Structures are given as C-alpha cells and as structure tokens.
Amino acid sequence: MKAWSRLEDFGHLVYTVGDGVKAHTIADLNALSIANAEQAVEIASRDTDALVFIAGGNSGENSPRPVQLHGALTEAERMLLYIRTHVRNAIPVITDCDPEFRERIGLHPSGNTPENSRNAAALVELHPSFQSQISIPAERLHLPRVIGTLRRKLFDRGLLEDAHITGHPIHASFDPESDQEHIRSEGAFRRWEWKARLHHILTGQVLRKEFLSEWLSGRNYRQLMDTSS
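I will try to describe carefully the structure that is included in this document. Note that the structure is predicted; figures quoted are calculated from it, not measured. (Residues numbered from 1 in each chain as written. Predicted model: local features only at pLDDT ≥ 70, side-chain atom pairs only at ≥ 80, totals over all residues. Heavy atoms only, no water.)

1. A short note on the pairing of strand β4 (residues 134–139)
It is a general feature of regular strands that their side chains alternate between the two faces of the sheet. A large share of β4 lies buried, amounting to six of its six residues. Bridging between β4 and strand β5 (residues 165–170) involves six bridges; their strand directions are parallel. By the bridge assignment, E139 is partnered in β5 with I170. Since β4 and β5 lie parallel, the crossover through helix α5 (residues 143–156) that links them has a hand, and here it is right-handed. (Buried < 20%, exposed > 50% of the residue type's maximum accessible area, 1.4 Å probe, protein only. Helix = DSSP H or I, 4+ residues; strand = E, 2+ residues; numbered from the N terminus. Pairing = 2+ DSSP bridges. Right-handed = clockwise from strand over helix to strand, strands pointing away.)

Structure follows, in structure tokens:
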C-alpha cells in the first residue's frame, strides 16, 4: 500500500478501532464501526499530515469471535472498504490487518481494546513523529478505555511523556444486528464497559491510579477530549 511506503511523511495519527460488524455477513458494518470510520476520515481530511490507522481484527474468517464465516473480512478491513467506497477514497489509511503491518511490526491483528492500543503504540514507536499529534475518534462510552489503554502501552514503550493525545467522542446509534451481543444496545454496552474497566485495572492494561481517578471522578479523560466532535 502506498501509505506504508511513506509513513515518515505523516505526523498526525488518527487512530480508531473496530466496534463490530453486521452479524452473519462477510463485509457489512454495524452503525458503531461506520461512525468510527466516518469520524476518522473527517478528522484526517482537515490535515494533509494525517494518516488514519484502524485497529480491529475481529469478525474475519479466522477471528476467534464470534462467528467464523468463509471469506469474511475483519472489522478493520471492512472499515477500510467502507471508506474507499462510501466516504473518501484519497484519505491515507492503514490497518493492523494489512500484511505490511505484520511484516514491519511483527504483531497480529488486534482482538480487543488493549490489543488495539498495543498495535497503535507499536506504530508510534516505529515512527515517533506520531507522538506530536494523536487523535482518537471512538464511541463515547468506549473512548475512555481506548485512551487509557493507549496511554498504558505508550508508557510501557517510553513514549507517553511526549505524546499529545486528543479524544473525539462519537455519539453513534447502537445496532441490534451487531455480531457481538454486548454492542447491540447501549444498556448492554454500559454493563460490558463496567466489567471491562475493572478487568483493565486489575490486569494492568491501564495506568491504574490515573484511570481509576478519571473513572471515579467522572472526568473519563475529558481534559484530553475535543467535545466539539
């Protein structure tokens, strides 16, 4: 892919994640992933220095969850296809499902939020110029975990101190046809988020003191967020 051959030309990383697909399809997206893809492109279109990075290895033919379908594309591949066919064809986009990602970075496509951030942090380490500007568009309930896990992974690689992160909360409709049960409704996702946040704290997937303070105070990294999105 052309963007992979010129990563050094970009200084603004627009990092977003897959948030599910339409159940029992090989290429269709649910409303959440569509919103993430559209907002990522909108942010990147304002800056000629921007590169969109999509992490999301679920829902493909070899995905561990939830249903394996012959010929099915991963979340990230479907989001890239959606961008190319329905949004902006010229926006530079790479994913952690691209063969080049495995070749250059040596990591598998991500299957959850900590792995999304692991792969994003590895890309930042490959090209530290991305530290200067990292934009994260994601569903508003999910966004604190996306930010918190990325901060942890950047910290582990010694990259957090110089990283400038801005979150962009997305108010998207939940889709009852989503492939994963916990993202079929806002109520189900709120319950899942509570459990996921506790898991991340207990297992060290976030900076524990920082993340717990943000959560209990209700800030949820609001000081890092662009609330105009």
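2. Here's the deal with α5
Two residues of an α-helix separated by three or four positions point the same way, owing to the 3.6 residues in each turn. In a regular helix each residue adds 1.5 Å, so 14 residues correspond to 20 Å; α5 covers 20 Å between its end C-alpha atoms and thus fits that length. Turning to α5, its buried residues number three or more, namely L143, P144, R145, V146, I147, G148, T149, L150, R151, R152, K153 and L154. Residues of α5 that are buried in the fold lie against β1 (12–17), α4 (113–126), β4, β5, α6 (186–203) and α7 (208–217). Phi turns positive one or two residues past the end of α5, at G158, with a value near 70 degrees. (Expected span 1.5 Å × (residues − 1). Contact = heavy atoms within 4.5 Å.)

3. Here's the deal with the packing of α6 against α7
Two elements in contact, α6 and α7, have axes whose closest approach is 9 Å; the angle formed by their N-to-C orientations is 155 degrees. On the basis of the axis angle, α6 is roughly antiparallel to α7. Crossing of α6 against α7: the hand is left-handed. Between α6 and α7, the contacting residues are W194, R197, L198, I201, L202 and T203 on the first element and R208, F211, L212 and W215 on the second. (Axes fitted to C-alpha atoms, helices over the stretch in contact; angles between N-to-C directions. Parallel < 35°, antiparallel > 145°, perpendicular 65-115°, else oblique. Left-handed = near helix turned anticlockwise from the far one by under 90°.)

4. Brief notes about unusual backbone geometry
Look at H24: it is not a glycine, yet its phi comes out positive at around 60 degrees. Relative to the helices and strands, H24 resides in the loop between β1 and α1 (31–44). Although it is not a glycine, N220 adopts a positive phi angle of roughly 50 degrees.

5. Let's talk about the nonpolar core
Nonpolar side chains in soluble globular proteins generally cluster together in the buried interior. Counting 39 residues, the largest nonpolar core has Y15, F53, I94, L123, I136, L150 and L154 as the members making the most contacts within it. Elements with a minimum of two residues in this core: β1, β2 (50–55), α3 (99–105), α4, β4, α5 and α7. Among all residues touching L154, those that are not within four sequence positions of it are A121, V124, I134, L159, L160, A163 and I165. (Core = buried A, V, L, I, M, F, W, Y, C linked by side-chain atoms within 4.5 Å.)

6. So, the sheet that holds β4
An order of β3-β2-β1-β4-β5 is seen for the five strands of this open sheet, with the pairing classed as parallel. This sheet does not close on itself; its edge strands, each paired only once, are β3 (93–95) and β5. Going across the sheet, the axis of each strand differs from the next one's by a mean of 25 degrees, ignoring polarity. Along the sheet face, α4 touches β1, β2, β3 and β4 and points at about 165 degrees away from the line of β1.

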